[in-house]
Amino acid sequence: MQAAMAKRKRHTRLEIATKLAQANDLATQGKLQSEIARTLGVSVMTLHRWRKAPPGPRPAFVATHEAGQPFRARRGGDRIAELQLENSRLRRLVTDLLLEKIKLEEATKSQRSVA
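As the structure is a computational prediction, the values presented were derived from the model and not from experiment.

Caption draft 1: Structural detail: the side chain of serine 88. For serine 88, the position within the fold is in helix α4 (residues 77-114). Note on serine 88: relative accessible area 9%, which makes it buried. Side-chain polar atoms of serine 88 contact the side chain of arginine 92, separated by 2.8 Å.

Put into structure tokens, the structure is as follows:
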């Protein structure tokens, strides 16, 4: 039974970033998610999970607690940490919206081919 199961592969952050860039290029060419995943050699769910994950490596901020102050990030101050967090959230929102758009486009393509 275990021989029939595919061995799980861990992709490095660089491989994931490269495959996501390829996936975005294929999506702009109008390819379906299933075709994109097949081309990249991953499942549709893996591709979706990669897109939902926060981009890039985690910043090397260390949280410290000062008396009477909320937690603060070192190296660069609070403003940079806030902006990075906001940027990460906005990237996830854009990715989610793009995925919804692609799903709708695929649905309309399949409806056109049926009609």
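Caption draft 2: Region of the structure containing empty space enclosed by the protein. Under the criterion given, the structure shown has one cavity of 30 Å³ or more. One number sums up the size of the largest cavity: a volume of about 50 Å³. Every residue along the wall of the largest cavity is listed here: Ala27, Gly30, Lys31, Leu32, Ile102, Glu105, Glu106 and Lys109. Counting residues per element, the lining of the largest cavity draws most heavily on α4, at four residues. Classifying every residue of the lining of the largest cavity by side-chain character gives three nonpolar, one polar and four charged.

Basis of the calculations
Residues numbered from 1 in each chain as written. Predicted model: local features only at pLDDT ≥ 70, side-chain atom pairs only at ≥ 80, totals over all residues. Heavy atoms only, no water. Helix = DSSP H or I, 4+ residues; strand = E, 2+ residues; numbered from the N terminus. Buried < 20%, exposed > 50% of the residue type's maximum accessible area, 1.4 Å probe, protein only. Polar contact = N/O pair within 3.5 Å; in protein donor to acceptor, adjacent residues only side chain to side chain. 1 Å grid on protein atoms, 1.4 Å probe; cavity = no way out; pocket = protein on both sides within 12 Å on 5 of 7 lines; lining within 4 Å. Points joined across faces, edges and corners; volume = space filled by probe spheres on them. Nonpolar A, V, L, I, M, F, W, Y, C, P; charged D, E, K, R; others polar.

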